[in-house]
Amino acid sequence: MKLLIDFLPILLFFVAYKFAGIYWATAVAIGATAVQVAWFWARHRRVETLPLATLGLLVVFGGLTIALHDPIFVMWKPTLVNWLFAAVFIGSHWIGQRTLIERMMGQAIELPQPIWARLNALWSGFFVFLGLANLFVVYVGSGFYEAHQALLAATGESGVDLSACATLYTGTVLDLCNAAQARESTWVDFKLFGMMGLTIAFVIAQTLYLSRHVKEDSQPQALETD
């Protein structure tokens, strides 16, 4: 249930994008994340720092995307969120007596202290990698940035609704708009399926790694015989 709630804004963003484009999808994501934070507060009468920071980044960068009609701002948001997570994990090496990953998982499993530190470092590196992977898709892998800039240069506009290409343009400009929209869609697919797939693969790798280091419970004593 918690996993579903955590991924709900991303899922709703994806669905809204397919029906109404990135600007409506961004508004839906902002609303869903706000509801997510409010739901947690209603149940626990407190708000965790990271979800609140995520909402703040989404409001700022999503708001800029909607106000300026420029998708690049909301495309940067996953990178900034992942780098925020990385900074928190890295900071926990020096703040407090336990790393963040140990605080999160320490009640469930027992590990030697060096393994906790290594695991925390692996999560830090993974979040840095996710942020870089997102930027790679935006600027290189999908070709969105180049296609979007070509469209803006051709139209002379500062922002374009790529979901309305057919109603806005004709001829060569329509082709440029459709190309930019297709590349934008590639990023949206990566945001849901690519990042989720990478996260699942990392969690599986972490599980295999942990299985080698979890401390074994004490051996059961042999049954006494009369």
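Residues numbered from 1 in each chain as written. Predicted model: local features only at pLDDT ≥ 70, side-chain atom pairs only at ≥ 80, totals over all residues. Heavy atoms only, no water.

Asks: Could you give me a rundown of the packing of helix α4 (residues 72-91) against helix α6 (residues 113-141), with the residues and numbers involved?
Replies: Two quantities define a packed helix pair, namely the angle between the helix axes and the distance between the axes. Viewed as axis vectors pointing N to C, α4 and α6 meet at an angle of 165 degrees, and their least axial separation amounts to 8 Å. When the axis of α4 is compared with that of α6, the two are roughly antiparallel. Crossing geometry of α4 relative to α6 is assigned as left-handed. When α4 is examined against α6, the residues I72, M75, W76, P78, T79, N82, W83, F85, A86, F89 and I90 are found in contact with a partner set consisting of N120, W123, S124, F127, V128, L130, G131, L132, N134, L135, V138 and Y139. For the contact of α4 with α6, a count of residues per class yields 17 nonpolar, 6 polar and no charged. (Axes fitted to C-alpha atoms, helices over the stretch in contact; angles between N-to-C directions. Helix = DSSP H or I, 4+ residues; strand = E, 2+ residues; numbered from the N terminus. Parallel < 35°, antiparallel > 145°, perpendicular 65-115°, else oblique. Left-handed = near helix turned anticlockwise from the far one by under 90°. Contact = heavy atoms within 4.5 Å. Nonpolar A, V, L, I, M, F, W, Y, C, P; charged D, E, K, R; others polar.)

Asks: Account for the packing of aromatic side chains, naming residues and giving values.
Replies: Summed over all chains, the structure comprises 11 aromatic pairs. Where F14 meets F193, the ring centres are 5.3 Å apart and the plane angle is 85 degrees; that geometry is what we call edge-to-face. Highlighted residues: F14 in helix α1 (residues 2-20) and F193 in helix α9 (residues 171-211), separated in sequence by 179 residues. Taken together, a centroid distance of 6.0 Å and an interplanar angle of 50 degrees make the contact between F126 and F127 tilted. An aromatic cluster of at least three residues, connected via ring pairs, comprises F85, F89, W123, F126, F127 and F202. Stacked on the ring of W41, the Lys or Arg R45 has its end atom at 4.4 Å from the ring centre. For K191, the ring lying beneath its charged end belongs to F13, and the centroid distance is 5.3 Å. (Phe/Tyr/Trp six-rings, centres within 6.5 Å; stacked < 30°, edge-to-face > 60°. Lys NZ or Arg CZ within 6 Å of the ring centre and 35° of its normal.)

Asks: Which residues make up the state of the cysteines, and what values go with them?
Replies: Using the criterion set out here, one finds 1 disulfide in the structure. The disulfide partner of C165 is C177, and the S-S distance across this bridge is 1.9 Å. Given an S-S torsion of about -75 degrees, the disulfide between C165 and C177 has left-handed geometry. Taken together, the positions of C165 in helix α8 (residues 165-168) and C177 in helix α9 put the pair 12 residues apart, joining distant regions of the chain. Residue C165 shares its accessibility class with C177, and that shared class is buried. (Disulfide = S-S within 2.5 Å. Buried < 20%, exposed > 50% of the residue type's maximum accessible area, 1.4 Å probe, protein only.)

Asks: Residue-level account of helix α7 (residues 144-155), with values.
Replies: Its 12 residues place the ends of α7 16 Å apart at the C-alpha level, agreeing with the 16 Å of an ideal helix rising 1.5 Å per residue. All buried positions along α7 are accounted for by F144, A147, H148, L151 and L152. Projected down its long axis, α7 carries its buried residues within an arc of 135 degrees, all on one side. Structural note: α7 exposes E146 and A153 on the side pointing more than 90 degrees away from its buried face. At its buried positions, α7 is contacted by α4, α6 and α9. One or two steps after α7, the chain reaches G156, where phi turns positive at roughly 75 degrees. (Expected span 1.5 Å × (residues − 1). Arc of directions from axis to C-beta.)

Asks: Just give me the short version of helix α2 (residues 22-44), but keep the residues and values in it.
Replies: For an α-helix, 3.6 residues make a turn, and residues three or four places apart therefore share a direction. Relative to the 33 Å expected for 23 residues at 1.5 Å per residue, α2 spans 33 Å between its end C-alpha atoms, a close match to the ideal helical length. Those residues of α2 lying buried are I22, Y23, A25, T26, A29, I30, A32, T33, Q36, V37 and F40. Phi turns positive one or two residues past the end of α2, at R45, with a value near 55 degrees.

Asks: Report on the packing of α6 against α9, specifying residues and quantitative values.
Replies: With their axes 11 Å apart at the nearest point, α6 and α9 run at an angle of 160 degrees to one another. On the basis of their axis angle, the class for α6 and α9 is roughly antiparallel. As for the relative orientation of α6 and α9, their crossing is right-handed in sense. On α9, the residues that touch I115, R118, L119, L122, W123, F126, F129, L130, A133, N134, V137 and V138 of α6 are W187, F190, M195, L198, T199, F202, V203, Q206, Y209 and L210.

Asks: Can you tell me about the environment of A164, naming the residues and giving the values?
Replies: Within the secondary structure, A164 sits in the loop between α7 and α8. With relative accessibility at 18%, the residue A164 sits in the buried group. On a C-alpha basis, the gap between A164 and A20 in space is 9.2 Å, while along the polypeptide they are 144 residues apart.

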